[in-house]
Amino acid sequence: MAASGIITIDGGVLEGGGQILRNAATLSCLLGQPISVNNIRAGRNNPGLRPQHLSGLQLIAEVCGAKLSGATVGSTEIMFQPGQIKAGQYTADTKTAGSVCLMLQVALPCAAFANGVVTVTLYGGTDTDMAPPIDHYCCVFRPIAEKFGMKFDCVVRKRGYYPKGGGEVVTTSHPVKVLTAIDLTNRGSVTRIFGRAFVAGVLPIKVAHIMAQSAERLLREDHAGLAIKIDALKEPDGAAVGTGTGIILVAETSTGCLLAGSALGKKGVPAEKVGFDAAQMLLDNLKHGGAVDDYLQDQLILLMALASGKSQMLCGPITLHTETAIHVAKLLTQATFKIKKVTETSNIVECEGIGLTNSHI
């Protein structure tokens, strides 16, 4: 799409957080469309760029040779003038426990439209509040993104937790000519549930076992005869920075859909409750009748907008993050969206994508 002047985007609307900035910068990079984003994170208690947002912006600017101005911690307005996406090796470091996964949301779609292989090494938090855990990216997002034609590997070299961060994740992305529209409207039946309960640092492995057992007890109340396997483990020395604990649970269906629930341990919160909360999140995602979970729902909007043809996604209640992703996609692309109510708790999101083509391959 040819750029036609600078498009100004209000970063304080709808979700009012970092997602507007991430999606806008990603689409700017892909479409060659200069943008200005103001009121950045106006809906947050600490508005403006935080280290993880700044790191993501600087990363994507490097990938596409962009001219980036206003990019400092605390800034509420930036201008992004993209160049050409180039293959190569890139690094981004939040120097905090800022989410690696939120940086991946920026990097991976851009890497798919490079002129060759893109390797990105990211440092920060792998399991953090207010963001999907890295296991969600590896076990849920990646297999579904492959249905669009995206090709990338994700290796977790080291895990990092609040407040130190220090996690290390390496992704290797292969270019695609065009993304293919997907149909995720038939969830099928749940065939198995698998998961990972972990501890790191000074915590004993029994905490992981307690989380796993608590989660399984709740899951079996609704899925008594189902195959459920939750690994309980302690991260090896050197494989994690700091002390942390958490659990992710993934339900796989007969049609290849993947839905998850997760929770992080916190000081003063019993391990039983952490496992229970993750299981409850998964059950809630299953009960709303959708083919995607709430974390995946908004992440697919950008891919649907870029894909060739009509994509359809059966999901639960439309989240504010999804509304925000659609808003940004409409501002910067000619993709069209329709939301159809299916039941009281489920909807189908339809998108006629723009069929963005990688001119390099």
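On to the overall build of the protein. What the protein contains, in helices and strands, is eight helices and 17 strands. In summary, the protein has a C-alpha radius of gyration of 20 Å against a globular reference of 21 Å for 361 residues, a match within 12%. Summarising its shape, the C-alpha atoms of the protein cover approximately 55 × 45 × 40 Å along the three principal directions. Per-residue burial over the protein gives 55% buried out of 361 residues. A separation of at least 24 residues holds for 74% of the contacts in the protein among residues at least 6 apart in sequence. Total accessible area on the protein stands at roughly 14,200 Å², and carbon and sulfur atoms take up 51% of it.

The strand order 11-10-13-14 describes an open sheet built from four strands, whose pairing is mixed. Across the chains shown, the open sheet's two edge strands, defined by having one partner strand only, are strand 11 (227-234) and strand 14 (258-264). In this sheet, neighbouring strand axes are inclined to one another by 10° on average, regardless of whether the strands run parallel or antiparallel. Pairing of strand 10 (residues 190-200) with strand 13 (residues 244-253), which is carried by 10 bridges, proceeds in the antiparallel orientation. Looking across to strand 13, one finds that Gly195 is bridged to Leu249. Packed on one face of the sheet, helix 4 (residues 134-148) meets strand 10, strand 13 and strand 14 and runs near 165° to strand 14. Against the sheet, helix 6 (residues 271-287) engages strand 10, strand 13 and strand 14, with an angle of about 155° to strand 14.

With 13 residues, helix 2 (residues 51-63) extends 18 Å between its outermost C-alpha atoms, agreeing within 8% with the 18 Å of an ideal straight helix rising 1.5 Å per residue. The buried fraction of helix 2 is high, at 10 of 13 residues. Along helix 2, the residues that are buried comprise Gln52, His53, Leu54, Ser55, Gly56, Leu57, Leu59, Ile60, Ala61 and Val63. Turning to helix 2, the residues buried within the fold contact helix 1 (18-31), strand 3 (67-69), strand 4 (78-81), strand 5 (88-93), helix 3 (100-111) and strand 6 (118-124).

Let's shift gears to the pairing of strand 13. The element strand 13 is largely enclosed, with a buried count of nine among its 10 residues. Inspection of the sheet shows strand 13 paired to strand 14 by seven bridges, in the antiparallel sense. When the sheet's bridge partners are listed, Gly246 is paired in strand 14 with Leu264. Hairpin geometry of strand 13 and strand 14 is characterised by an intervening segment of four residues between the two adjacent antiparallel strands and by a positive phi of about 85° at Gly256.

This part takes up the pattern of salt bridges. Here the structure, examined in full by the defined rule, presents 16 salt bridges. Of the charged contacts, one joins Arg192 and Glu252 as a salt bridge, the two residues approaching to 2.7 Å between their closest N and O atoms. Residue Arg192 is located in strand 10, and its partner Glu252 is located in strand 13; the two are separated by 60 residues in the primary sequence. By relative accessible area, Arg192 is classed as partly exposed at 37%. Of the charged contacts, one joins Lys340 and Glu350 as a salt bridge, the two residues approaching to 2.9 Å between their closest N and O atoms. Placement of the pair is Lys340 in strand 16 (residues 336-341) and Glu350 in strand 17 (residues 347-354), with a sequence separation of 10 residues. On the basis of relative accessibility, which here comes to 41%, the residue Lys340 falls in the partly exposed class. In this structure Glu350 comes out as buried when scored by relative accessible area, which is 9%.

Thresholds, definitions, all that
Residues numbered from 1 in each chain as written. Predicted model: local features only at pLDDT ≥ 70, side-chain atom pairs only at ≥ 80, totals over all residues. Heavy atoms only, no water. Helix = DSSP H or I, 4+ residues; strand = E, 2+ residues; numbered from the N terminus. Rg over C-alpha atoms; globule rule 2.2 N^0.38 Å. Buried < 20%, exposed > 50% of the residue type's maximum accessible area, 1.4 Å probe, protein only. Contact = heavy atoms within 4.5 Å. Areas by Shrake-Rupley, 256 points an atom, 1.4 Å probe, with all protein chains shown as cover. Pairing = 2+ DSSP bridges. Axes fitted to C-alpha atoms, helices over the stretch in contact; angles between N-to-C directions. Expected span 1.5 Å × (residues − 1). Salt bridge = Lys/Arg side-chain N within 4 Å of Asp/Glu carboxyl O.

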